[in-house]
Amino acid sequence: MEPVLRVRNVEKYYGSRGTVTKAVDDVSFTVEKGEFVGVMGASGSGKTTLLNCIATIDRVTSGHIFIGGRDVTALGERRLSAFRREELGFIFQDFNLLDTLTAFENIALALTVRRTPPEEIRVRVEEVAQRLGVAAALPKYPYQLSGGERQRVAAARAIVGSPSLILADEPTGSLDSRSARILLESLSTLNAALHATILMVTHDAFTASYCGRILFIKDGKLFSELRRGEASRREFFEHILEVVSLLGGEGAHAL
Amino acid sequence: MLCKLAFRNVSRSFRDFAVYFLTLAFGVCLFYVFNSIDAQQAMIALSESQKFYVDQMIVIMGYVSVFVAVVLGLLVVYANRFLMKRRKQELGLYLLLGMRRTGVTRILLAETFLIGLFALAAGLTGGVFLSQMVSVVTARLFEADLTSFRFVFSPAALGKTALCFGLIFAVVIVFNTATVSRCRLSELLTAARKNETPGVRSGRLCVVLFLLSAASLATAYLWVLHTGIFTSDLGCQIALGCIGTALFFFSLSGLLEAFPRLFPRFYFRGLHCFVLRQVNARVNTAVFSMSVICLMLFLTISCLAGGMSMAEGFNAQARQQYPYGASLMYTTDGDRKPALSIEGTLRADGIAVDELIRSSSQLDLRRADVRFEDALRFFDAAALIYEDSEYTAEGGDVLARPCILPESAFNAMRRLANQPEVEVGEEEYLLWVKPTMAQYFTALPLSGVTVSAEGRMFTAAGACVTEPFATGLGIGQIALILPDEFAETLPITAQLLNIQFESRQDEDAFAAALDAVYTEERAETATGRNWRPYDILSTQHQMIDSSVSVKTIILFLGVYIGLVFLITSAAVLGLQQLSETADRAESYRLLRRLGAKEKMVRRALFSQITMYVCLPLALALVHAAVGLKALQLSFQGDLPLDILPGAAVTAGILLLIYGGYLLATCFAAQGVIRPRRRE
Ligand SMILES: Nc1ncnc2c1ncn2[C@@H]1O[C@H](COP(=O)(O)OP(=O)(O)O)[C@@H](O)[C@H]1O
Ligand SMILES: [Mg+2]
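To keep things clear, this report deals only with the structure shown in the data block. (Residues numbered from 1 in each chain as written. Chains lettered and ligands numbered in written order. Predicted model: local features only at pLDDT ≥ 70, side-chain atom pairs only at ≥ 80, totals over all residues. Heavy atoms only, no water.)

Regarding its fold elements, chain B presents 26 helices and 10 strands. Each of the 679 residues in chain B was classed as buried or not, and the buried ones make up 52%. Of all intrachain contacts in chain B linking residues separated by at least 6 positions in sequence, the fraction that spans at least 24 positions is 86%. Roughly 30700 Å² of accessible area belongs to chain B as shown, and the carbon and sulfur atoms make up 62% of that amount. (Helix = DSSP H or I, 4+ residues; strand = E, 2+ residues; numbered from the N terminus. Buried < 20%, exposed > 50% of the residue type's maximum accessible area, 1.4 Å probe, protein only. Contact = heavy atoms within 4.5 Å. Areas by Shrake-Rupley, 256 points an atom, 1.4 Å probe, with all protein chains shown as cover.)

All names here are of chain B. Taking 1.5 Å of rise per residue, the 14 residues of helix α12 (residues 272-285) would be expected to cover 20 Å, and the 20 Å separating its terminal C-alpha atoms lies within 8% of that figure. Along α12, 12 of the 14 residues are buried, which leaves the element largely enclosed by surrounding structure. Those residues of α12 that fall on the buried side of the exposure criterion are Cys273, Phe274, Val275, Leu276, Arg277, Gln278, Val279, Asn280, Ala281, Arg282, Val283 and Asn284. (Expected span 1.5 Å × (residues − 1).)

So, on to the layout of surface pockets. All names here are of chain B. The computed volume of the second largest pocket comes to approximately 920 Å³. Along its surface, the second largest pocket is lined by 30 residues, and Leu130, Met133, Val559, Leu563 and Ile653 are the ones closest to its centre. Mapped by element, the contributors of at least two residues to the lining of the second largest pocket are α2 (14-35), α5 (101-141), α13 (287-321), α23 (540-583) and α26 (643-673). Here the element with the most residues in the lining of the second largest pocket is α5; it accounts for nine residues. Residue composition of the lining of the second largest pocket, by class: 24 nonpolar, four polar and two charged. Of the domains in this structure, domain 1 (1-194) and domain 2 (197-322 + 546-679) are the two that each give at least three residues to the lining of the second largest pocket. (1 Å grid on protein atoms, 1.4 Å probe; cavity = no way out; pocket = protein on both sides within 12 Å on 5 of 7 lines; lining within 4 Å. Points joined across faces, edges and corners; volume = space filled by probe spheres on them. Nonpolar A, V, L, I, M, F, W, Y, C, P; charged D, E, K, R; others polar. Domains from an automatic or database assignment.)

What follows concerns the sheet that holds strand β7 (residues 165-169) of chain A. Residue and element names in this part refer to chain A. Pairing in this open sheet of six strands is mixed, and the strands run β6-β7-β8-β3-β9-β10 from one edge to the other. Both edges of this open sheet fall to β6 (88-91) and β10 (221-227), since each of them pairs with a single strand only. On average, adjacent strands in this sheet sit at an angle of 20° to one another, irrespective of strand direction. Alignment of β7 against strand β8 (residues 198-202), held across four bridges, turns out to be parallel. The residue of β8 that forms the bridge with alanine 168 is methionine 200. Sheet strands touched by helix α5 (residues 147-160): β6 and β7. Its angle to β6, the strand with the most contacts, is close to 170°. (Pairing = 2+ DSSP bridges. Axes fitted to C-alpha atoms, helices over the stretch in contact; angles between N-to-C directions.)

Looking now at the side chain of threonine 23 of chain B. Checked against the element boundaries, threonine 23 of chain B lands in helix α2. Sequence-distant contacts of threonine 23 of chain B, defined by excluding residues within four places in its chain, comprise Leu75, Ile567, Ala571 and Tyr661 of chain B.

Once that is clear, we can look at the interface of chain A and chain B. Each side of the interface is counted separately: chain A has 34 residues, and chain B has 35 residues. A buried area of about 3100 Å², summed over both sides, lies between chain A and chain B, and 58% of it is on carbon and sulfur atoms. For the pair chain A and chain B, the interface holds three salt bridges. Run the count over chain A and chain B and you get nine residue pairs in polar contact (both at pLDDT 80 or more). Classifying every residue of the side of chain A that touches chain B gives 16 nonpolar, seven polar and 11 charged. (Buried area = accessible area lost by both parts, 1.4 Å probe. Salt bridge = Lys/Arg side-chain N within 4 Å of Asp/Glu carboxyl O. Polar contact = N/O pair within 3.5 Å; in protein donor to acceptor, adjacent residues only side chain to side chain.)

Let us look at the site of ligand 1. All names here are of chain A. Taken together, Tyr14, Thr21, Ala23, Ala42, Ser43, Gly44, Ser45, Gly46, Lys47, Thr48 and Thr49 are the residues near ligand 1. Here an oxygen atom of ligand 1 sits 2.9 Å away from a polar atom, N or O, in the main chain of lysine 47. Threonine 48 is positioned such that a nitrogen or oxygen atom in its side chain is 2.5 Å from an oxygen atom of ligand 1. Alone, ligand 1 offers 560 Å² of accessible surface; in the complex the protein occludes 61% of this. Broken down by secondary-structure element, the contributors of at least two residues to the shell around ligand 1 are β2 (21-31) and α1 (47-54). With three residues, the top contributor of residues to the shell around ligand 1 is α1. Residues that form the shell around ligand 1 fall into these classes: three nonpolar, seven polar and one charged. (Near = heavy atom within 4 Å.)

A word on the side chain of arginine 124 of chain A. Mapped onto the fold, arginine 124 of chain A is located in helix α4 (residues 118-131). Look past the residues within four positions of arginine 124 of chain A in its chain and what remains in contact with it is Leu111, Thr116, Val160, Gly161 and Ser162 of chain A.

Residue and element names in this part refer to chain B. One can describe the packing of helix α24 (residues 585-593) onto helix α25 (residues 598-634) by two numbers: an axis separation of 9 Å at closest approach and a directional angle of 145°. Note on packing geometry: the crossing formed by α24 with α25 is right-handed. Contacts between α24 and α25 involve Tyr588, Leu591 and Arg592 from the first element and Glu598, Val601, Leu605 and Gln608 from the second. Per-class residue counts for the contact of α24 with α25 are four nonpolar, one polar and two charged. (Left-handed = near helix turned anticlockwise from the far one by under 90°.)

For the rest of this paragraph, the subject is unusual backbone geometry. Residues and elements named next belong to chain A. In this structure, aspartate 26 takes a positive phi of about 55° despite not being glycine. Structurally, the position occupied by aspartate 26 is in strand β2. Given the relative accessible area of 41%, aspartate 26 is considered partly exposed.

Right, let's talk about the packing of helix α3 (residues 103-112) of chain A against α5 of chain A for a bit. Residue and element names in this part refer to chain A. In the contact formed by α3 and α5, the axes pass within 8 Å of each other and the chain directions differ by 25°. Judged on the interaxial angle alone, α5 and α3 are roughly parallel. Taken as a pair, α3 and α5 cross one another with a handedness that is right-handed. Contact residues: α3 offers Ala103, Asn106, Ile107, Ala110 and Leu111, while α5 offers Val153, Ala156, Arg157 and Val160. Per-class residue counts for the contact of α3 with α5 are seven nonpolar, one polar and one charged. (Parallel < 35°, antiparallel > 145°, perpendicular 65-115°, else oblique.)

Quick look at the sheet that holds β2 of chain A now. All names here are of chain A. Across the sheet, which stays open at both edges, the four strands sit in the order β2-β1-β4-β5 with antiparallel pairing between neighbours. Two strands lie at the open edges of the sheet, namely β2 and β5 (70-71), each paired on one side alone. Sheet analysis places strand β1 (residues 5-14) next to strand β4 (residues 62-67), joined by five bridges and oriented antiparallel. Along β4, the bridge assignment pairs glutamate 11 with serine 62. Strands β1, β2 and β4 of the sheet are contacted by α1, whose axis makes an angle of about 60° with β2.

A contiguous patch of positive charge, built from Arg78 and Arg115 of chain A together with Arg269, Lys597, Lys599, Arg602 and Arg603 of chain B, is present on the exposed surface. When residues in the positive patch are grouped by element, the largest group, three residues, is from α25 of chain B. Mapped onto the elements, arginine 115 of chain A comes out in the loop between α3 and α4. (Patch = residues over 30% accessible without salt bridge, like charges linked within 9 Å, V, L, I, M, F, W, Y side chains within 5 Å. Lys, Arg positive; Asp, Glu negative; His and termini not counted. Charge placed at Lys NZ, Arg CZ, Asp CG, Glu CD.)

Side chains of nonpolar character tend, in soluble globular proteins, to be buried together. In this structure, Ile54 and Leu199 of chain A are the most contacted members of the largest nonpolar core, which totals 203 residues. Counting residues domain by domain, this core receives three or more from each of domain 1 (1-194) and domain 2 (197-322 + 546-679) of chain B. Ranked by size, the runner-up nonpolar core spans 24 residues in total, among them Leu363, Val422, Trp432 and Ala494 of chain B. (Core = buried A, V, L, I, M, F, W, Y, C linked by side-chain atoms within 4.5 Å.)

Residues Val66, Val70 and Leu74 of chain B make up a contiguous nonpolar surface patch of about 300 Å² in total accessible area. Note on placement: valine 70 of chain B falls in helix α4 (residues 48-96).

All names here are of chain B. Within strand β9 (residues 492-501), nine of the 10 residues are buried, leaving the element largely enclosed by the surrounding structure. In the sheet, strand β1 (residues 326-331) pairs with β9 via six bridges, with the strands oriented antiparallel. Residue pairing for β9: threonine 331 is matched across the bridge by alanine 494. Across nine bridges, strand β2 (residues 357-366) lies against β9 in antiparallel orientation. By the bridge assignment for β9, glutamine 362 is matched with leucine 497.

What follows is the structure in structure tokens.
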């Protein structure tokens, strides 16, 4: 079967004439359907840039990215927005909820932009909110919600359209540990129960330990890969710490 | 170098400058137009009396211009402040790169100068062309000829405009310098995004308040439509309207809560819910400024449409009110002065009557002892209207001694003015009342009211006649038209000669000829009191000039102030929207990430701005429609006001200025949310 995501020799350079930063440097990997993959690396190692390229928010300098078999680097601007709508779901570090809309409407927005009928919208939003434990928060405005609830609403928005790939950039970055755990458990459940494919970027080993597979990135290059296999989360966490200490540098401090 | 940087900045962020530029240009244009009236009148053939009024108008315009300059000044400073806020980061960067504060100030100065120069050029170009049109309008209002249409440019107005806007720029420069020198670098670099929580109001309270708003507006509307605008109740009506307006904007947001439930299909389609929420949040936090702007727009529309309709109406009225080119009245006073043919006497005194006059007719006013029988009902009703004891059945001097007009002579007058003839039977009378009182009298039941004159009884032949039968002469409040065979036996009290002329030149020549012949000396040396065959002379244009001039001043002031208010409202709304969009630029990025098409995002932005900008306009239009209707009603009978042409012109102006601002705002806002290219 065709993998959900195939990244082939992607490079992304910043800057022009003279100083060139290789934010992503010849990265290739594959994500199969139903996987929960983490991308770990120190701050400035190019994680966000890589994710943004996959998310079609940024354009690659060279290389190809196939999502569901389609090469997104070859799509035009108009096709891209349709593609984003149909295939992708995003969760960002800063919650990115619209503060003038209620939680319900924030989640529904992902559906209204693709013209889902309103009856279906209601059903799906409520179902997803239930699953992420934010059903009670639906009629509230973002400013009335806690950070954790907000992030779970953002997660609900990311998955409500049943995207083939969910992309998360440091989703626990601005959460306290309890909220972070609730969110991560929700993501794990989504992955296990609905076979949602998730690609999550983080610099935090605890967050990463919820994944099934970790890609380590350093200075824009893939450095190593770690599979959870049959290990428990706690054991996996220890493994990750080992690799991180191997990585050294800033990454170690981040813990 | 400095200039180059400034020039590049302006051209690069032209979108940011759009609203600022438009405000300046409109301001300059307006200011020039209304200050160049002085020079413009050169090409209009004005009579002496008209010149006097125009001079008066220019003096008043001068004072109003000071007020306008202050308003425009505040507006420009406000617009500039927005611009500065947008550019803080850029300025911070200059400082960070090691540029000295004086250097940064100088860049700002150069920019202000550059923008000002462009705006001045654009505004003046527009102003010069527009002022030519204003001359045409002025000529039309004064019914004067455009002697020779030539392109007039007023250096004085240019100087005044340049001076005024120079002062405004000086203020702006002082303001900007202060901003730069007071600002900390860190502040400049981190343009903090204000974090407001959208004030959400309880739905039930809002429904109650909305009903209250609707009720107070409806009350105000119905009340003012009932009483007209010239009553002491107007203050209360306006207050009610203001309260209703504020409550409307206050409660609007609560009503939107019900929107998703009522129209789920519409609400949950595309970005509709986003747009509505955004507008809602904005209105919510800007209830006060929304209400003020709405009322200001209402004032603007009323000023423009009302002013224009009234000026037109007064002109039409003047022609109705003064149906003859000239009226001469000779009071005979029975025995002391003989009745005479006025025209014949004029001819005998050497006036070229036959050359100057197109047609004329003489009417003798007669006197009789008149009693209104069974008229108590009738006059009580009249008294009720006046609430003034002077007009009761017994004591009314007005009603007690009406003059008597013979039917055929009266009809001759009506023919002269192209009015339909009236008919009076053998034992019948017709009541003529002064036009200004017509609305009270025409409604009263005349049938059953018998009149006895010199002991003979007459019954009413029909409703009141109200068209004036002289130009600009006061001939009592009422008169009776009686059959010739009876009326012509009565003693004459006054004689009236009405004249029609071929042209205005003839009319003026006639008045001048009378002046030349019947001089002061002649009056002194005259033996009898009949040194001239008339006591009062009044010509149509003499009357029209005085009435039209005042109205023209009203119109010009109305348009001037109205336009300033319009520009102010539109600019403030546009700037509010722009700064709001800048604060929320992040939201639009998020929409793109959710996969909203670029076209969809742009449409969401535009409809949000359009809705926000048009909301106060919509309510103001309703207010204005009612206000204008009330204006029309208050003049009913007196002055036939045709609101439509004035309203149409106003709509055109609104479309141009308001639409212009809307476009500029959308244009600028699109620049604010434009996706930053990462490449
Ligand atoms: N818009 C940009 N322009 C220039 N350089 C950039 C830009 N965005 C990121 N970079 C650089 O690319 C590198 C990777 O950044 P990023 O992907 O944000 O790292 P991470 O998310 O892992 O912390 C950094 O060195 C950063 O300075
Ligand atoms: Mg990052």
